[in-house]
Structures are given as C-alpha cells and as structure tokens.
Amino acid sequence: MTLSRVNENGLVLLGCGKMGSAMLQGWLAQGLNANSVTVIDPHPSQWVQGLVQQGLHLNEPLPTTPAICIIAVKPQMMGDALPALRALGNGTTVFLSIAAGTSIGAFADALGDQSPIIRAMPNTPAAVGQGITALIGNAHINDADMQMGEALLSAVGQTVRLASEDQMDAVTAVSGSGPAYVFHLIETLAAAGVAQGLPKDMALQLAKATVAGAGALAQAADEDPTQLRINVTSPNGTTAAALEVLMNETDGFPALLNRAVTAAADRSRELGKE
Ligand SMILES: NC(=O)c1ccc[n+]([C@@H]2O[C@H](COP(=O)([O-])OP(=O)(O)OC[C@H]3O[C@@H](n4cnc5c(N)ncnc54)[C@H](O)[C@@H]3O)[C@@H](O)[C@H]2O)c1
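Residues numbered from 1 in each chain as written. Predicted model: local features only at pLDDT ≥ 70, side-chain atom pairs only at ≥ 80, totals over all residues. Heavy atoms only, no water.

Looking at an unreviewed UniProt entry, one finds the protein named Pyrroline-5-carboxylate reductase and attributed to Paramylibacter kogurei. As stated in UniProt under Function (unreviewed entry), the record for the protein gives "Catalyzes the reduction of 1-pyrroline-5-carboxylate (PCA) to L-proline." In its Pathway (unreviewed entry) section, UniProt records this for the protein: "Amino-acid biosynthesis; L-proline biosynthesis; L-proline from L-glutamate 5-semialdehyde: step 1/1." (UniProt positions renumbered as here; feature names shortened; annotations may be inferred.)

Here's what the structure looks like:
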C-alpha cells in the first residue's frame, strides 16, 4: 500500500473516538507518519494525546491543503464540526466521511459543491486489522483519490466499492452495525452455556473462540457457509436439534435478523433526514 501522498501532504482526522482511533492505529502501523497527521477532537483520549510526542498535531491549525480529511464524528455533531473544515472545501483535499446516514449531498452543501467527497462505512474490527469498509465517491473523486481512500481503509481490513450511494443504508445495517450483532451472539451463547451448568468464564471463552474460529473458517474455506453448516450437522444429532430452533421460519434467525437489519437500515435512512 502506498501512503506517500498522505505522508507528503498530510491527513486531517476530525473526531478521534472509537472508529477514528481504530483507523489511526492501523494507519500508523502501516507506515503513516504521526507528524503527517492532524487530529481535531475536543475530548482527545490519553492514547491520542500520547501520540503528540511522536509528532502528531493535536487540535492545531489545519494544514492548507492536506491530501485527505477524514470525518469521524457522530452524525448529530456534523452541524458543529463541519464549519471548521470549510476552508479545505472546493480544492484538492479529499473528504472521506465514515458517518452513518449523512449523505454526500449534505457534505457538499456544508463544504462546497466542488469538493471531492468519499462516503465510507467501516466497522470496529478495523481495530485489529479485520474490518470491512464499503466506499463510494462523488463526481469530483478521480481514480487516484479513490485509490488513496481505499489504500487507507485497506490498512484496517477489506474494502468494497458500491455502485450507488443508496446501497450504503444496507451496508450500514449489515457490516457497519453487524459486529454488535455478533458480540450479542457471543454474550447470549455464553449465557446459554451458563444456563446449562458451565462456569461463566469458561462459557465466555468457549463462545468467543467458537465465533472467532467459525468466522476464520468461513473466510478461509472454499465451501460456502451453507456447506460449512451442513459439515457440523450430523443426522439426528445435537446440531440438528439446535438448528431446528434457529432456522425456524417464523421466530428463528432468518426472521429475527431480517427484522434487525431492516430496523438498522431504516434508522440509517432516517439519520440522513435529521
Ligand atoms: N462505532 C462504530 O461501530 C462505527 C462504525 C462505522 C461508522 N461509524 C461512524 O463513525 C462516526 C464516529 O463514531 P464513533 O463510534 O467513533 O463515535 P465516538 O463518540 O467514539 O467518537 C466521536 C469523536 O468525535 C469527537 N467530537 C465531538 N464533537 C467534535 C467536533 N465538533 N469536532 C471534532 N471532534 C468532535 C468526540 O470527542 C469523539 O472523540 C459516526 O459518524 C458513526 O456513524 C461508527
């Protein structure tokens, strides 16, 4: 991955909370120089404050023409936060937002309608280099801009390009919010193990390792998840007994996850209107 344009011209990170920190950690590990980074955040964590010793610029005036400005504040904070970036608009600086809901059009309104803008949706496994991010750019984004955005997000996991911005609500509902569904699966699988008599720590260890191992196998195997599921399921065995409950059409996973993902996608659409 080449970060030379970013190292030469600088990167501004607006908002360095959970997602901003996860990405910054990955970029630094991939060779981004701390002294090429300006973080703007009214409540910086101890970790970000510690990076100042390595040359990171914290809440300092913005560089004049940074290569890229990453917007990682909550959608509700945009009104307060974006005016600080206005001076960078309508130029060569690429804006890359990871905010749920906020449309490219809303950024163009706030930053200037000639601004190159990428909208992206990463997820928190980026913190361990195993995220996935969907991206789409506006008409002012050229190939080199898109490659720069993809290079940054590839530093923290996989990337996919969207065909249309409309797909972003579904992406947000599947992979943006998705880690929370999986963490809840771990919580509830462990609790069910405790209910069957296991000690709490052991149940959690079993649940975490099972989800991590199954995820790794799903990524690595040639078979699809359907075949991997069949491989676990002996006829008339224990897995078949559990799947009869989980695969129930009315109240099993299919119906439940469809309702959950629909609720998240609907909320993403609403955020765009607030
Ligand atoms: N957490 C996730 O799983 C996730 C995944 C994908 C996308 N996102 C998106 O990332 C964005 C950030 O989410 P998060 O979970 O990291 O939130 P967060 O609350 O952890 O971080 C937001 C940061 O913005 C800072 N901030 C507040 N006002 C500011 C301002 N005016 N200027 C600069 N910084 C300001 C806060 O101090 C905080 O550190 C959101 O838009 C969210 O939709 C989050």
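**Examining the packing of helix H8 (residues 178–195) against helix H9 (residues 200–220)**
The contact between H8 and H9 brings their axes to 8 Å, and the two run at 140°. Regarding the angle of H8 to H9, the classification is oblique. Handedness of the crossing formed by H8 with H9: right-handed. Residues Val182, Leu185, Ile186, Leu189, Ala190, Gly193 and Val194 of H8 form the contact with H9, whose own contacting residues are Lys200, Ala203, Leu204, Ala207, Lys208 and Val211. Each residue belonging to the contact of H8 with H9 can be placed in one class, and the counts come to ten nonpolar, one polar and two charged. (Axes fitted to C-alpha atoms, helices over the stretch in contact; angles between N-to-C directions. Helix = DSSP H or I, 4+ residues; strand = E, 2+ residues; numbered from the N terminus. Parallel < 35°, antiparallel > 145°, perpendicular 65-115°, else oblique. Left-handed = near helix turned anticlockwise from the far one by under 90°. Contact = heavy atoms within 4.5 Å. Nonpolar A, V, L, I, M, F, W, Y, C, P; charged D, E, K, R; others polar.)

**Quick word on the sheet that holds strand E7 (residues 131–137)**
The mixed open sheet is built from eight strands, whose spatial order is E3-E2-E1-E4-E5-E6-E7-E8. Of all strands in the sheet, those bounded by a partner on one side alone are strand E3 (57–58) and strand E8 (157–161). Pairing of strand E1 (residues 11–14) with strand E2 (residues 37–40) involves four bridges; the strand directions are parallel. Residue pairing in the sheet places Val12 in a bridge with Thr38 of E2. Docked against the sheet, helix H2 (residues 18–29) engages E1, E2 and strand E4 (68–71), running at close to 155° with respect to E1. (Pairing = 2+ DSSP bridges.)

**What to know about the site of the ligand**
Inspection of the region around the ligand gives 22 residues, with Lys18, Met19, Asp41, Val73 and Ala100 positioned closest. For the ligand, an oxygen atom lies 3.5 Å from a polar atom in the backbone of Gly17. In this structure, an oxygen atom belonging to the ligand sits 3.4 Å away from a side-chain N or O atom of Lys74. Against a free-state accessible area of 830 Å², the protein chains account for coverage of 82% of the ligand. Residues belonging to the shell around the ligand are distributed by class as follows: 15 nonpolar, four polar and three charged. (Near = heavy atom within 4 Å. Polar contact = N/O pair within 3.5 Å; in protein donor to acceptor, adjacent residues only side chain to side chain. Areas by Shrake-Rupley, 256 points an atom, 1.4 Å probe, with all protein chains shown as cover.)

**Some words on the UniProt feature "domain: Pyrroline-5-carboxylate reductase dimerisation" (unreviewed entry) in the protein**
Mapped onto this numbering, the UniProt entry gives "domain: Pyrroline-5-carboxylate reductase dimerisation" (unreviewed entry) at residues 165–271. Annotated as residues 165–271, this span is 79% helix and 0% strand, and its ends, taken at the C-alpha atoms, are 14 Å apart.

**Here we look at the pattern of salt bridges**
Oppositely charged side chains can form a pair if their charged atoms are brought close together. Scanning all chains against the criterion turns up six salt bridges. With a shortest N-O distance of 2.7 Å, Arg161 and Glu150 are connected by a salt bridge. In this pair, Arg161 is assigned in strand E8 and Glu150 in helix H6 (residues 143–154), connecting sequence segments eleven residues apart. On the accessibility criterion, Glu150 (16% relative accessible area) is buried. Residue Glu270 pairs with Arg267 through a salt bridge whose shortest N-O separation is 2.9 Å. With Glu270 and Arg267 both in helix H12 (residues 253–271) and three residues apart, this pair spans about one turn of that helix. Taking relative accessible area as the criterion, Arg267 reaches 33% and is therefore assigned partly exposed. What you see here is one network of salt bridges that share partners, running through Asp169, Asp266 and Arg269. (Salt bridge = Lys/Arg side-chain N within 4 Å of Asp/Glu carboxyl O. Buried < 20%, exposed > 50% of the residue type's maximum accessible area, 1.4 Å probe, protein only.)

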